[in-house]
Amino acid sequence: MDTRIFLIGFMGSGKSTLGAKLARRIGYQYMDMDQLIEETAEMSIPSIFNEHGEEVFRKWEHDILQELCLREKLVIATGGGAPCHSQMMDLMNTHGTTIYIKLSPEALRDRLIRSRTERPLIKGKSEAELLEFISTLLKKRVPFYKQATHIVDGMNLQAEALVGLLQES
Ligand code: S3P
């Protein structure tokens, strides 16, 4: 099994929840990129977007990813946009196994409506606007996500299934 497992996918696809469970099952340390950025910057993600803008956020995201690529035995939940900026998909594929958790725009919308995490990119959108936004952005992001080592259906996905997948490969 690779020493670094990256979970990738759109906002709301379950990367953090599954990542923490997967890490526990395989005895790896769990890392959440968004959380690491927040701790390093001593600011929340919405404040980073507000005060510094998305470009700076992407730079910090890249810096954190590079640091994580030097460490071992990690399950890493990435931010939804990470694979699509600054060659980060290549970086992850070079340094570990990537798993794309795939969900339909409708399923993502339903999960994002229920989520309590504040996400600057979707803040203040109505349900209809949200679906439109997800569909458009997902189309742009799928070419990156599709470069993952494994693509898994995120509906009813359990950490155990990911363990099986990693043991087989
Ligand atoms: C983003 C996803 C968020 C976070 C930031 C930007 C994106 O992470 O990194 O708000 O561009 O899709 P989650 O995928 O964990 O929500």
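Along each chain, residue indices are assigned from 1 in the same order as the chain's sequence is written. With pLDDT at 70 or above as the cut-off, local features in this predicted model cover only qualifying residues; side-chain atom pairs require 80 or more to be listed or tallied, and sums for whole chains, interfaces and linings still use all residues. The basis for the side-chain values is all heavy atoms of the structure; hydrogens and waters are excluded.

Asks: Help me understand the sheet that holds strand S3 (residues 74-77) in this model?
Replies: One key point about sheets: their strands pair by backbone hydrogen bonds, in either a parallel or an antiparallel sense. Spatially, S2-S3-S1-S4-S5 is the arrangement adopted by the five strands of the open sheet, whose pairing is parallel. Edge positions in the sheet fall to strand S2 (29-32) and strand S5 (150-153), since each of these pairs with one other strand and no more. Between one strand and the next, the sheet's axes are offset by a mean angle of 20°, whatever the strand orientation. When DSSP finds two or more bridges between a pair of strands, those strands are recorded as paired. Helix and strand definitions here come from DSSP, where helices need a minimum of 4 consecutive H or I residues and strands a minimum of 2 consecutive E residues; each element is numbered from the N-terminal end. For strand S1 (residues 4-8) and S3, the ladder comprises four bridges, and the chain directions are parallel. Counterpart to Ile5 in the pairing with S3 is Val75. Contact between two residues is taken to exist if any of their heavy atoms lie within 4.5 Å; hydrogens are not considered. To obtain each axis, a line is fitted to C-alpha atoms, and for helices this fit is confined to the stretch in contact; angles are then taken between N-to-C directions over 0 to 180 degrees. Sheet contacts for helix H1 (residues 15-26): S1, S2, S3 and strand S4 (97-102); angle to S1, the most-contacted strand, approximately 160°.

Asks: Explanation requested: unusual backbone geometry in the structure shown.
Replies: At Lys73, a residue that is not glycine, the phi angle is positive and equals roughly 55°. With respect to the element layout, Lys73 can be found in the loop between helix H4 (54-68) and S3. On the basis of relative accessible area, Lys73 is assigned to the partly exposed category, the value being 48%. Despite not being glycine, Ser86 has its phi angle at roughly 45°, a positive value. Along the chain, Ser86 turns up in the loop between S3 and helix H5 (88-95). Using a 1.4 Å probe on the protein chains alone, a residue whose accessible area is under 20% of its type maximum counts as buried, one over 50% counts as exposed, and one in between counts as partly exposed. Residue Ser86 is classed as partly exposed on the basis of its relative accessible area of 40%.

Asks: Even after reading the chapter, I still don't get the packing of helix H3 (residues 45-52) against H4, so can you show me in this structure?
Replies: A packed helix pair is summarised by two numbers, namely the angle formed by the two axes and the spacing between the axes. H4 packs onto H3 with a crossing angle of 125° between their chain directions and a minimal axis gap of 7 Å. In terms of axis orientation, H3 runs oblique to H4. Facing Ile45, Ile48, Phe49 and His52 of H3, the residues of H4 in contact are Glu54, Val56, Phe57 and Trp60. Residues are grouped as follows: Ala, Val, Leu, Ile, Met, Phe, Trp, Tyr, Cys and Pro are nonpolar; Asp, Glu, Lys and Arg are charged; every other residue, Gly included, is polar. Looking at the contact of H3 with H4 residue by residue, the class counts come to six nonpolar, one polar and one charged. Just so you know how the angles are binned, under 35 degrees is roughly parallel, over 145 roughly antiparallel, 65 to 115 roughly perpendicular, and the rest oblique.

Asks: How should the nonpolar core be read in this particular structure?
Replies: When a protein is soluble and globular, its nonpolar side chains tend to lie buried together. Counting 37 residues, the largest nonpolar core has Phe10, Leu65 and Leu68 as its most contacted members. At the level of elements, S1, helix H2 (33-41), H3, H4, S3, H5, helix H6 (105-114) and helix H7 (127-145) are the ones that each hand at least two residues to this core. Filtering out sequence-adjacent residues up to four positions away, Leu68 remains in contact with Arg4, Met31, Met33, Leu36, Leu74 and Ile76. Here, nonpolar core refers to any group of buried Ala, Val, Leu, Ile, Met, Phe, Trp, Tyr and Cys residues whose side-chain atoms link them within 4.5 Å. If you look at the next biggest cluster of nonpolar residues, it comprises 15 residues, including Leu22, Val75, Ile99 and Leu162.

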